[in-house]
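Chain by chain, the residues:
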Amino acid sequence: MPTGRFAPSPTGEMHLGNLRTALLAWLQARSVGGRVILRFEDLDTGRVRQPAYQSTRDDLHWLGLDWDAEYRQSERLDLYAAALEKLDTYPCACTRSEIQASIQASVGAPHGPEAVYPGTCSDLKNRNPDRLAALRWHVPDERICVSDHWTGETLCQNLKSEVGDFVLRRGDGVYAYHLAVVVDDFEMGITDVLRGADLWTAAPRQAALQQALGYPTPAYWHVPLMQDFRGERLAKRGGAPSVRALREGGADPAVLRAELAGSLYGKTGERTSLDELLEHFSQNS
Ligand code: GLU
């Protein structure tokens, strides 16, 4: 059965960008008669704000969205531990500055947008015995390609040379986003991952993990991020207005639906229903 998901991090109130991604994920799944899952990505407990769980649900319901099942990653740690066991990892207790120094020392290191982890700690001699070790994954040395259904683009990466061995469990024991997301997307039967375009470059890492764990790769849809009037991406930190404030201030969800999704379909009306958007979605995707 087609299954989509919305995976908010309950670290604060939702802003319009989060709500638009949720709306599009809901439209994508429902337009093909699929299920929708709400998954709270709350592994980094230090950043979680308890009221955010309920305000997220209230915001989604207010826009008219519903879902068939709800999960919290913080209640699924055994699954991540079991997946980690199956992967070839090694402890890394290097400090950030040690890693930085070895990046600078490595001859011919590629200077892409992300610094490549050069394997500083794959040599166990480098371990600092009194530091808590993170677990890094020996990434495969091969080209991994992922295609996107929203943009039609394909992204290929060799993780060994372009990313390096990345962390699957932090030194403080928190499972990394990439591991949790891949395990959950599989366990929850997610067939379509619709999320913000900021996660597009994460897709090859996640596809590589899926391959290593024997999971299928879902269809990816990376949607544009909303921008503020300065052309900067909306962010909780940047002071974007919260959906709760709009909701409690008496905003009309039908107007908001038109603003959030209508523009993507060239729709000019001032208000819109979910049914109308579903129709646009099925015709245009
Ligand atoms: N939890 C992530 C976020 O709030 C989304 C992760 C995903 O969709 O894969 O940005």
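Structural notes on the sheet that holds strand E5 (residues 134-137)
Hydrogen bonds between backbone groups are what pair the strands of a sheet, and the pairing can be parallel or antiparallel.
Turning to step 1, where the next piece is worked out: Taking strand neighbours across the sheet as the criterion, the three strands line up as E4-E5-E8 in an open arrangement whose pairing is antiparallel. Here the strands that pair on one side only, and so sit at the sheet edges, are strand E4 (89-92) and strand E8 (167-169). The average angle at which neighbouring strand axes cross in this sheet is 45 degrees, direction not considered.
Turning to step 2, where the next piece is worked out: Bridge count between E4 and E5: four bridges; the pairing is antiparallel. The residue bridging Thr89 from the neighbouring strand is Trp137, located in E5.

Observations regarding the site of the ligand
Turning to step 1, where the next piece is worked out: Lining the immediate surroundings of the ligand are Arg5, Ala7, Ser9, Glu41, Tyr177, Val181, Arg195 and Leu199.
Turning to step 2, where the next piece is worked out: The contact in question runs from a nitrogen atom of the ligand to an N or O atom on the side chain of Ser9, over 3.1 Å.
Turning to step 3, where the next piece is worked out: Between the ligand and the protein, one listed contact pairs an oxygen atom with a side-chain N or O atom of Tyr177 at 2.8 Å.
Turning to step 4, where the next piece is worked out: When grouped by side-chain class, the residues that make up the shell around the ligand number four nonpolar, one polar and three charged.

Some words on the packing of aromatic side chains
Turning to step 1, where the next piece is worked out: What the rule picks out here adds up to six aromatic pairs.
Turning to step 2, where the next piece is worked out: Measuring from centroid to centroid gives 5.7 Å for Trp137 and Phe166, while their planes differ by 80 degrees, and the two rings are edge-to-face. Taken together, the residues span a long stretch of sequence, with Trp137 in strand E5 and Phe166 in the loop between helix H5 (159-162) and E8 at a distance of 29 residues.
Turning to step 3, where the next piece is worked out: Classification of Trp137 by relative accessible area gives buried; the value is 4%.
Turning to step 4, where the next piece is worked out: Given the relative accessible area of 8%, Phe166 is considered buried.
Turning to step 5, where the next piece is worked out: Here the aromatic residues Trp150, Trp221 and Phe281 are joined through ring pairs into a cluster of three or more.
Turning to step 6, where the next piece is worked out: For Arg72, the ring lying beneath its charged end belongs to Tyr53, and the centroid distance is 3.8 Å.

A word on empty space enclosed by the protein
If a probe as big as a water molecule is rolled over the atoms, it shows which places are left empty.
Turning to step 1, where the next piece is worked out: Evaluation of the coordinates by the stated rule reveals one cavity of 30 Å³ or more.
Turning to step 2, where the next piece is worked out: Quantified by volume, the largest cavity comes out at close to 60 Å³.
Turning to step 3, where the next piece is worked out: In terms of lining, the largest cavity is formed by Phe6, Ala22, Ala25, Trp26, Val36, Leu38, Leu60, Leu65, Asp66 and Trp67.
Turning to step 4, where the next piece is worked out: Elements supplying a minimum of two residues to the lining of the largest cavity: helix H1 (16-31) and strand E2 (35-40).
Turning to step 5, where the next piece is worked out: Among the elements that make up the lining of the largest cavity, the one with the highest residue count is H1 (three residues).
Turning to step 6, where the next piece is worked out: Broken down by class, the residue content of the lining of the largest cavity amounts to nine nonpolar, no polar and one charged.

Notes on the pattern of salt bridges
Turning to step 1, where the next piece is worked out: Under the defined criterion, the tally for this structure stands at 15 salt bridges.
Turning to step 2, where the next piece is worked out: In this structure, Asp68 engages Arg30 in a salt bridge whose closest nitrogen and oxygen atoms are separated by 3.0 Å. Here Asp68, found in the loop between helix H2 (51-63) and strand E3 (69-72), pairs with Arg30, found in helix H1; they are 38 residues apart in sequence, far enough to count as distant.
Turning to step 3, where the next piece is worked out: Shared partners join several salt bridges into a network, and the residues in it are Arg5, Arg39, Glu41, Arg76, Asp184 and Asp185.

The rules we used
- Residues numbered from 1 in each chain as written.
- Predicted model: local features only at pLDDT ≥ 70, side-chain atom pairs only at ≥ 80, totals over all residues.
- Heavy atoms only, no water.
- Pairing = 2+ DSSP bridges.
- Helix = DSSP H or I, 4+ residues; strand = E, 2+ residues; numbered from the N terminus.
- Axes fitted to C-alpha atoms, helices over the stretch in contact; angles between N-to-C directions.
- Near = heavy atom within 4 Å.
- Polar contact = N/O pair within 3.5 Å; in protein donor to acceptor, adjacent residues only side chain to side chain.
- Nonpolar A, V, L, I, M, F, W, Y, C, P; charged D, E, K, R; others polar.
- Phe/Tyr/Trp six-rings, centres within 6.5 Å; stacked < 30°, edge-to-face > 60°.
- Buried < 20%, exposed > 50% of the residue type's maximum accessible area, 1.4 Å probe, protein only.
- Lys NZ or Arg CZ within 6 Å of the ring centre and 35° of its normal.
- 1 Å grid on protein atoms, 1.4 Å probe; cavity = no way out; pocket = protein on both sides within 12 Å on 5 of 7 lines; lining within 4 Å.
- Points joined across faces, edges and corners; volume = space filled by probe spheres on them.
- Salt bridge = Lys/Arg side-chain N within 4 Å of Asp/Glu carboxyl O.

These figures come from the coordinates and say nothing about function on their own.
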